[in-house]
Amino acid sequence: MYTRSNSDVPRDAAGVDHGPSPSGSLTPGRRITLTETCDFVPLEVSGDTVAQRRFGLLVFCDGEAQIRLFEEGATAVVGREPPCEIVVRDPSISRQHARFSMKDGEVWVEDLDSRNGTLLAGRRVQRARLQPSDEVHVGRARLVVVATRTAERARADAPEPMLDQHVVQSPAMSKLYETVARVSRSNLPVLILGETGVGKEHVATTLHRQGDRRDGPFVAINCGSIPSSLLEATFFGQDRALAGAGSNHAGAFERAAGGVLFLDEIGELASAAQAALLRAIETGRIARLGSAEEIAVDVRIVAATHCDLEAMVEDGTFRQDLYFRLNGLKLEVPPLRERVDEIDPLVDSFIEQTRTEWGTGARSVDVNAKAALRQFPWPGNVRQLRHAVERAALLCKGELISVSDLPEYVISDAPREQAPPSLAGLTDLALREQVSRFERALMDEALRRAAGNRRAAAKLLRIPVRTFFRKMRMSGGSEAADT
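Since the model is a prediction, treat every value here as computed from it, not as a measurement.

Some details on the sheet that holds strand β6 (residues 106-111)
So, step 1. Spatially, five strands are ordered β4-β3-β5-β6-β9 in an open sheet, and the strand pairing comes out mixed. The outermost strands of the open sheet, each flanked by one partner alone, are β4 (86-87) and β9 (127-130).
So, step 2. Across four bridges, strand β3 (residues 75-79) lies against strand β5 (residues 98-103) in antiparallel orientation. Among the inter-strand pairings, Ala76 is bridged to a residue of β5, identified as Phe100.

Focus on the pairing of strand β17 (residues 300-305)
So, step 1. With six of six residues buried, β17 is to be regarded as a mostly interior element.
So, step 2. Here β17 shows no split at all, with Arg300, Val302 and Ala304 on one side and Ile301, Ala303 and Thr305 on the other all buried.
So, step 3. Bridge analysis of strand β12 (residues 190-193) against β17 gives four bridges, and the strand direction is parallel. Residue pairing for β17: Ile192 is matched across the bridge by Ala304.
So, step 4. Pairing analysis gives four bridges linking strand β14 (residues 260-264) to β17, with the strands arranged parallel. Following the sheet pairing, Val260 is matched in β17 by Arg300.

Considerations on the packing of aromatic side chains
So, step 1. Tallied over the full model, the rule gives eight aromatic pairs.
So, step 2. Taken together, the ring pairs in this structure connect Phe235, Phe236 and Phe253 into an aromatic cluster.
So, step 3. The cationic tip of Arg127 hangs over the ring face of Trp108; the distance from NZ or CZ to the ring centre is 4.1 Å.

Details of helix α13 (residues 431-449)
So, step 1. Between its terminal C-alpha atoms α13 stretches 27 Å, which fits the 27 Å expected from 19 residues at 1.5 Å a residue.
So, step 2. Listing the buried residues of α13 in full gives Met443, Ala446 and Leu447. Buried residues of α13 fall within an arc of 100 degrees about the axis and therefore sit on the same side. Seen from the open side of α13, the exposed residues pointing more than 90 degrees away from its buried face are Phe438 and Arg448.
So, step 3. Here the buried face of α13 lies against α14 (454-461) and α15 (465-474).

The rules we used
Residues numbered from 1 in each chain as written. Predicted model: local features only at pLDDT ≥ 70, side-chain atom pairs only at ≥ 80, totals over all residues. Heavy atoms only, no water. Pairing = 2+ DSSP bridges. Helix = DSSP H or I, 4+ residues; strand = E, 2+ residues; numbered from the N terminus. Buried < 20%, exposed > 50% of the residue type's maximum accessible area, 1.4 Å probe, protein only. Phe/Tyr/Trp six-rings, centres within 6.5 Å; stacked < 30°, edge-to-face > 60°. Lys NZ or Arg CZ within 6 Å of the ring centre and 35° of its normal. Expected span 1.5 Å × (residues − 1). Arc of directions from axis to C-beta. Contact = heavy atoms within 4.5 Å.

Printed below as a string of structure tokens:
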């Protein structure tokens, strides 16, 4: 469990520990903009059975919102980093801060010995039952409990919900899914590359649905969210003696037998686990932890990452032989900024999903809001667009989403027409020096828009993270934080 007892860290008037400053991830003077709860009226739940009832958490921090749905028996931990289910990257939040759960139709919150505590109605609580409209403070983030009902299918033969559909309008995406259709019936390993949030897992599930293994399982593992000490048990399982149970614990390879094993964020895989994974892929055999007996497994491997694996191979942080084994076929998913024509239909799809899931009244987006959504560069890609639209639909008071309903970062960063810079006052026309100054100004602006996050800034500039780091060092830039 994560705790900290430093007494010299800055705190605000409410006694909230803001974490280290200014060397930490929170820059001096930075403030969090939260949306008032009264902008959203929760749905009534009276008369619903427990099976029909569903709750959600709206997580507001840094002007952004996350949404987490809870059905009976579900739990989720809020914390600053994975493997927490709800990740809020703010230094006022502990690594594992609070657990939310739903049991017998009721939502409960439990503090996990956090540094700043979990506050309900301004009072610190260890465990408490929550009602719709209750507001819980976790560090400097605010979580609002809302209520809805489970979606009902109109009839058994109704079409699949829009959540399982994808928008393909750009030539690059059309070509990508044509390739997916051609290779889906083979057993060739596939490596999917693309920035965070572009939809790499959707490409993987499409490969599964269209292939000969469609009737087999699809098992997804996020390699970046599993502690290194648990990776081999996660992949290969545990023998009953080691697991301390009456039966063996099956790992991902066994559970995916006859289907597809999706290794998400493969670039984050610890070095120690890379050799074991390579052997399992090459031989098609695994051994559970605590057992010498080998088991034959038949799986198709699909991996994905936002990392530059070729650069990692050159640096020695990723095994070359594992890279060659995974890279049977490479698929690259373009970022959303390169397929702007898909933004409008994606927005329409997300609004319809929100109407189905939450019963919201928003039906469309007005002209100005639509222009702002199209102009924003979306460093978080489709995932960030989805969050922005869901937030706007939840807070919209009518049927038409306006600019005022959009997150502040979308509005403030909308591009404006600018006159070309004047060169009349320049005394030094040396090309290299002037280009260097302009590059540094662009990097500083990207860092400002990304709130100091270097990886997000590199995405805005459309350059590799390593290139961004190198240019910052060459220009004498300070080390910003990856929040």
